[in-house]
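Structural overview
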Amino acid sequence: MAYNDLREFVSALERAGELKRIPFEVDPYLEITEFADRSVKRGGPALLFERPKGSKVPVLINAFASMRRMELALQVGSVDEVAARITEFLEMRVPSGLINKLKMLPKLAEVGAFFPRIVNTGPCKEVIQREGFSLRDLPVLHCWPLDGGPFITLPMVFSKNPATGKRNCGMYRMQIYDDRTTGMHWQTHKQGAEHHRRLLQQGRKRMDVAVAIGSDPATMYSAILPLPPDLDEMIISGFLRGKPVEMVKCETSDIEVPANSEMVLEGYLELGELRTEGPFGDHTGFYSLEDEYPVFHVTCVTRRRNPIYPTTIVGPPPMEDFYMGKAIERIFLPLMRMQLPEVRDICMPAEGIFHHLILVSIRKSYPGQARKVMHAIWGLGQAMFSKCIVVVDEEVNVQDVREVAWKALNNIDPERDIQFVMGPVDSLDHASRLPNYGSKMGVDATRKWPGEGFTRPWPKVIRMSPDVERRVDALWKRAGL
Ligand SMILES: Cc1cc2nc3c(=O)[nH]c(=O)nc-3n(C[C@H](O)[C@H](O)[C@H](O)COP(=O)(O)O)c2cc1C
Ligand SMILES: [Mn+2]
């Protein structure tokens, strides 16, 4: 059964021994970060701080911070099951003959369950505060010593595309400025920023935004997925949960939010208004620098009577976001392979913080194919940010970074095999010559072919003969090793 809300997920984590309650007072100013960082680095559990200093609202952190917890979040034995389900749908074709068409009906009924459903009310409306609320009542973490302030780090930010009316939900951190205003850190390539740009161009004065905090885990997770613009995250959540997301209209705007949310901040941006945001200890492991971002004015808070505040920290990897990203890597592989069937596997190692390094193995069938794959990845949605792409042959296990380093470094003639290109780079890249614009590097570490101008012989990798291995297996035991 799909989780109905965040607290059902918390219970499931607890039953699975994946959650620890902290019953004493801990300070959201730095201390919770130190707990969460140590816990994730040691493979420890999710943490529920029942008495964050200065707030009545408990803090949930590291709820997604391991592959096991990602599996519990998505209710699967392995995230590969999600990938397999996606493949099934991608391979679904209109069958011939009535019997086969009828056999497809259950699958189509399943599709029906993906679409969100509008409901009249829900738990997120238990308390409605148009006045007398303060964002300071929330246990928002001041994550790292040099941060510009406290930041909401797991918000589901809802806005509508003014051209199509379609909804978007993205996760963009929000710096608390005061009782009623926050930053809105959507980077320029993201959908919220695109909606904002379009409204500005239309000469509008305000943009409605609603921020839901805490929902069932699939819905929360859908906010970070690198989906095409205008593909509703709530449909994807419905697919992941196998149950529609129930949406409820905001009190002060036409935006809908998940009815099961722990809390909702309704409000608007004044178009044209910008304010300094940051610094923020980011998932690069460095502080991201101050920059100008829009300001979110909260006009109404709706919430549960006793909400839970879910959050995360980012910082030197691996952190919770590594596991969220690892699941994305697995889930999106079949989609990538639809466009690029030669791709066997991809890996984004923790140290590469997603956008700095993608390792790709391909089945090479024609000259120059490794370069074709690099360019395709640079043209593929948020994979455009990949600062370094290393392409290897299919027999290389890209999940083993050491094997990739060994084989790739053997196989390259750097001047010949490294390709530099210019293009958009991640806003968090502090080394690029300009913000959001810089160079990227592709490394063709596949075996080179005569068709690529390489005519020298190519050596074999060293391997022991299997019969000797078997013989020594026996002798090994005899030697007492
Ligand atoms: C914990 C966490 C925090 C994030 N913070 C931001 C952020 O502050 N700004 C941003 O542009 N993207 C941020 N992201 C990445 C976006 O959520 C992600 O790119 C998402 O796909 C954007 O959705 P969109 O394509 O609908 O805009 C964050 C991701 C995670 C996991
Ligand atoms: Mn989106």
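As the structure is a computational prediction, the values presented were derived from the model and not from experiment. (Residues numbered from 1 in each chain as written. Chains lettered and ligands numbered in written order. Predicted model: local features only at pLDDT ≥ 70, side-chain atom pairs only at ≥ 80, totals over all residues. Heavy atoms only, no water.)

Within the protein, Asn168 (OD1) and Glu233 (OE) serve as the donor atoms for the manganese ion (ligand 2), at 2.1 Å. Of the two residues, Asn168 sits in strand 8 (residues 167–170) while Glu233 sits in helix 9 (residues 233–241), which places them 65 residues apart along the sequence. Residue classification places Glu233 among the buried residues on the basis of a relative accessible area of 4%. (Donors = N, O, S within 2.8 Å, 3.2 Å for Na, K, Ca; no water. Helix = DSSP H or I, 4+ residues; strand = E, 2+ residues; numbered from the N terminus. Buried < 20%, exposed > 50% of the residue type's maximum accessible area, 1.4 Å probe, protein only.)

This brings us to the pattern of salt bridges. If you walk through the whole model with that rule in mind, you get 35 salt bridges. Among the ionic pairs, Arg68 bridges to Glu71, the shortest N-O distance being 3.5 Å. Highlighted residues: Arg68 and Glu71, both in helix 3 (residues 67–74), separated by three residues, approximately one helical turn. Since its relative accessible area comes to 15%, Glu71 is described here as buried. In this structure, Lys372 engages Glu342 in a salt bridge whose closest nitrogen and oxygen atoms are separated by 2.5 Å. In this pair, Lys372 is assigned in helix 11 (residues 369–378) and Glu342 in the loop between helix 10 (320–339) and strand 19 (343–347), connecting sequence segments 30 residues apart. A relative accessible area of 32% means that Lys372 is categorised as partly exposed. The class for Glu342 is buried, based on a relative accessible area of 8%. If you follow the salt bridges from partner to partner, you end up with Lys160, Arg167, Asp232, Lys249 and Glu256 in one network. (Salt bridge = Lys/Arg side-chain N within 4 Å of Asp/Glu carboxyl O.)

Bringing the packing of aromatic side chains into the picture now. In the structure shown here, the tally under the stated rule is 10 aromatic pairs. Consider the rings of Phe35 and Phe49, whose centres lie 5.4 Å apart with planes at 80 degrees: the pair is edge-to-face. In this pair, Phe35 is assigned in helix 2 (residues 31–41) and Phe49 in strand 2 (residues 46–52), connecting sequence segments 14 residues apart. Ring geometry for Phe89 against Phe239: centres 5.8 Å apart, planes inclined by 75 degrees, an arrangement best described as edge-to-face. Note that Phe89 is positioned in helix 4 (residues 80–90) and Phe239 in helix 9, a separation of 150 residues in sequence. Taken together, the ring pairs in this structure connect Tyr3, Phe9 and Phe64 into an aromatic cluster. The ring of Phe239 has Arg85 lying over it, and the distance from NZ or CZ to the ring centre is 4.0 Å. Taking NZ or CZ as reference, Arg275 lies 3.8 Å from the ring centre of Tyr177, over its face. (Phe/Tyr/Trp six-rings, centres within 6.5 Å; stacked < 30°, edge-to-face > 60°. Lys NZ or Arg CZ within 6 Å of the ring centre and 35° of its normal.)

Bringing the site of ligand 1 into the picture now. Taken together, 19 residues are adjacent to ligand 1, and Met171, Tyr172, His185, Gln191 and Gln382 come closest. Contact between ligand 1 and Asn168: an oxygen atom at 2.8 Å from a side-chain N or O atom of the residue. At a separation of 3.0 Å, an oxygen atom of ligand 1 approaches a polar side-chain atom of Lys190. For ligand 1, the protein covers 88% of the area, taking 640 Å² as the surface of the free molecule. Ranked by residues supplied to the shell around ligand 1, first place goes to strand 8 with three residues. (Near = heavy atom within 4 Å. Polar contact = N/O pair within 3.5 Å; in protein donor to acceptor, adjacent residues only side chain to side chain. Areas by Shrake-Rupley, 256 points an atom, 1.4 Å probe, with all protein chains shown as cover.)

This brings us to the sheet that holds strand 12 (residues 246–249). Across the sheet, three strands lie side by side as 4-12-13; this open sheet has mixed pairing. The open sheet is flanked by strand 4 (117–118) and strand 13 (256–258), the only strands paired with a single partner. Bridge count between strand 12 and strand 13: three bridges; the pairing is antiparallel. Looking at the pairing, Val248 lines up with Val257 of strand 13. (Pairing = 2+ DSSP bridges.)

Glancing now at the side chain of Lys190. Within the secondary structure, Lys190 sits in the loop between strand 10 (181–183) and helix 7 (191–201). Excluding its chain neighbours within four sequence positions, the residues that come into contact with Lys190 are Tyr172, Gln382 and Phe385. (Contact = heavy atoms within 4.5 Å.)

If you look at the biggest cluster of nonpolar residues, it comprises 103 residues, and the most contacted ones within it are Tyr221 and Leu265. Ranked by residues supplied to this core, first place goes to helix 10 with seven residues. Ignoring anything within four residues of it in the chain, the contact list for Leu265 reads Leu135, Ile152, Met174, Val209, Ala210, Val211, Ile213, Phe296, Val298, Cys300 and Val301. Counting 18 residues, the second largest nonpolar core, distinct from the first, contains Met336, Leu340, Ile346 and Met374. (Core = buried A, V, L, I, M, F, W, Y, C linked by side-chain atoms within 4.5 Å.)

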